[in-house]
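# Inside the fold
Residues per chain are reported as follows:
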Amino acid sequence: MIVADKKPIEEIIEELGTHEKILILGCNECVTVCEAGGKKEVGILASALRMYFLNQKRDVKIDEETLQRQCDHEYLEEIRDRVDRYDAIVSLACGVGVQFAAEKYFSTPVYPGVNTCFMGATEERGLWTERCQGCGQCILARTGGICPVSRCAKRVLNGPCGGSTDGKCEINKEIICAWQLIIERLKALDRLDDYEALSPLKDWSTDRAGGPRKVVREDVQP
Amino acid sequence: MKANTSSRLKKVLSAGHLAVTSECGPPRGSDPEVIVKKANLIKDHVDAVNITDNQTSVTRMCSLAACIRLKIMGLDPVLQMVTRDRNRIALQSDILGAASFDISNVLCLSGDHQSFGDCAQGQNVHDIDSMQLIQMVRHMRDDGKFLGGDDIKRPPQMFVGAAANPFADPFEIRIPRLAKKIKAGAEFIQTQCIYNLDKFEAWMKLARDRGLHEQIYILAGMTPMKSAGMAKYMKNRVPGMDVPDALVKRLSDTPKEKQAEEGIKICIEDIQRLKEVDGISGFHVMAIEWEEMVPEIVEKAGLYPRPEIK
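Read on for an overview of the structure. Predicted model only: the values in this text are computed from it and were never measured. (Residues numbered from 1 in each chain as written. Chains lettered and ligands numbered in written order. Predicted model: local features only at pLDDT ≥ 70, side-chain atom pairs only at ≥ 80, totals over all residues. Heavy atoms only, no water.)

## Focus: the overall build of chain A
When its secondary structure is counted, chain A shows 7 helices and 9 strands. A compact globule built from 222 residues would reach a C-alpha radius of gyration of about 17 Å, whereas chain A, at 22 Å, exceeds it by more than 25%. Seen through its C-alpha atoms, chain A measures out along the principal axes to roughly 70 × 45 × 25 Å. Counting over 222 residues, chain A shows a buried share of 41%. Here the analysis covers contacts within chain A between residues at least 6 apart in sequence; of these, 59% occur between residues at least 24 apart. When the accessible area of chain A is evaluated, it comes to approximately 12,400 Å², of which 51% is carbon and sulfur surface. Where the 30 positive side-chain charges of chain A centre and where its 36 negative ones centre are 1 Å apart. (Helix = DSSP H or I, 4+ residues; strand = E, 2+ residues; numbered from the N terminus. Rg over C-alpha atoms; globule rule 2.2 N^0.38 Å. Buried < 20%, exposed > 50% of the residue type's maximum accessible area, 1.4 Å probe, protein only. Contact = heavy atoms within 4.5 Å. Areas by Shrake-Rupley, 256 points an atom, 1.4 Å probe, with all protein chains shown as cover. Lys, Arg positive; Asp, Glu negative; His and termini not counted. Charge placed at Lys NZ, Arg CZ, Asp CG, Glu CD.)

Okay, here's the thing in structure tokens:
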């Protein structure tokens, strides 16, 4: 899933400036799972903002709404009939949702309420870790199912680098060396001989480097 | 190791001599005299001089410019290149720039992470890794082609080196990793600083068991300790460094004012011991900000004078 983290409320207040009718818009998907932008967080942010504006003796209306998704036309359309009541939206969806909402409601300012961080997994409640950078050309078959692009600080394809110590990354003792994991996994799969195969230069044109990407699937298009 | 290069380092090694290299870190400024002065301290005692590439990710004068400076002085520079800061366009371009000055040695590295340096908020590149950089330089040299497939007019004639850390983890892939660097096209290795000689000798034996010492020149990395404090710092704070307790104790038991002298003595003893190890082709003496000690180490280790090479 896409993992996001809360933005400091001071930053959101700063973004909102003088707006007086604000919709806090949550999303029921990834940001709900990572507890940054679901219905619960919409409620918490709305209460905090109401409190803040009350203290400021400002009459600001704050409404709450949480959509099934903000990255689909279908669900974003659900608020079309009432969008005009607001002079700003704070979207607690990931960056995709914020942008899609902004594209759809072109004359309404849409502010991000979270920082979108990465594609990752829930290790345990309150701990999410990165697993994928969407490079567009998956190499997991060669690396024992562990991704050096997203999990190695230098994304080395023929690792580990000289900084791997006690199985930890040189940048932080809390970070496991991805190549340590790859080697352990290759060993468990009885494929350690594969380690000596040179990984060729990667084609990054399917990555961010190639510019904005799209997936076109004519077979499923209407 | 077919390519015809003007590398003095390669000539010394292929003539069967024990080679001696050292390194100079470029200054944090544009004064060319800094590098000239450092080079003058060591030039008669080494075969080639590595120039580091923004080591520990601290911004400095570029390795290429400092290498050109050494080349103009008549020395044989080793251009260190890290893959952290440049993509494949810039790396190929700098290789050609170096070759245009007949700089004939390159050391291919990934580089310390930028979080250690003065631009921790910067982006890193890592378009290719150090293994792929070795392949890239060999491709440019041996096939005379750019990565994109076009012919290179006057291809670079580089003697291609890589680093090896016999002490890094996981230990079981240390030898496979060396084999992989050879397969990628590395022709010489400069190792991480060696303090744990027993472990290094065990690594060398494993390399010999696979015949790797006959496929690549291995230069043992030696860095003299300036003090017990430095030994402790290297032991506890520098990633991938193996400093035995006995060495820390020997320095700690030495009066403070004699510790530097003792550090030099240890370095010389270590070189003398490693000279006898089968498969060692030379020494890479990295006296960090202590270049003036290199001549004494080289002389007392019995590696002076350096051979005459035509």
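## Details of the overall build of chain B
Looking only at helices and strands, chain B has 11 helices and 8 strands in total. Computed over C-alpha atoms, the radius of gyration of chain B comes to 19 Å, within 12% of the 19 Å expected from 2.2 N^0.38 for 310 residues, which places it in the range of a compact globule. In terms of its C-alpha atoms, chain B occupies a principal-axis envelope of roughly 60 × 45 × 40 Å. For chain B, the residues scored as buried account for 58% of the 310 residues in total. A separation threshold of at least 6 residues defines the contact pool for chain B, and within that pool the share at least 24 residues apart is 78%. For chain B, the accessible area works out to roughly 12,800 Å², and carbon and sulfur atoms hold 50% of it. Within chain B, one finds 42 positive and 41 negative side-chain charges whose respective centroids are separated by 2 Å.

## Looking at the packing of helix α4 (residues 88-100) of chain B against helix α5 (residues 130-143) of chain B
Residue and element names in this part refer to chain B. Interhelical geometry of α4 versus α5 gives an angle of 50 degrees and a closest axis separation of 11 Å. The angle between α4 and α5 places the two elements in the oblique class. For the element pair α4 and α5, the recorded crossing hand is right-handed. Contacts between α4 and α5 pair Arg88, Leu91, Gln92, Ile95 and Leu96 from the former with Leu133, Met136, Val137 and Met140 from the latter. Of the residues that constitute the contact of α4 with α5, the class distribution is 7 nonpolar, 1 polar and 1 charged. (Axes fitted to C-alpha atoms, helices over the stretch in contact; angles between N-to-C directions. Parallel < 35°, antiparallel > 145°, perpendicular 65-115°, else oblique. Left-handed = near helix turned anticlockwise from the far one by under 90°. Nonpolar A, V, L, I, M, F, W, Y, C, P; charged D, E, K, R; others polar.)

Shape descriptors only; they carry no functional weight alone.
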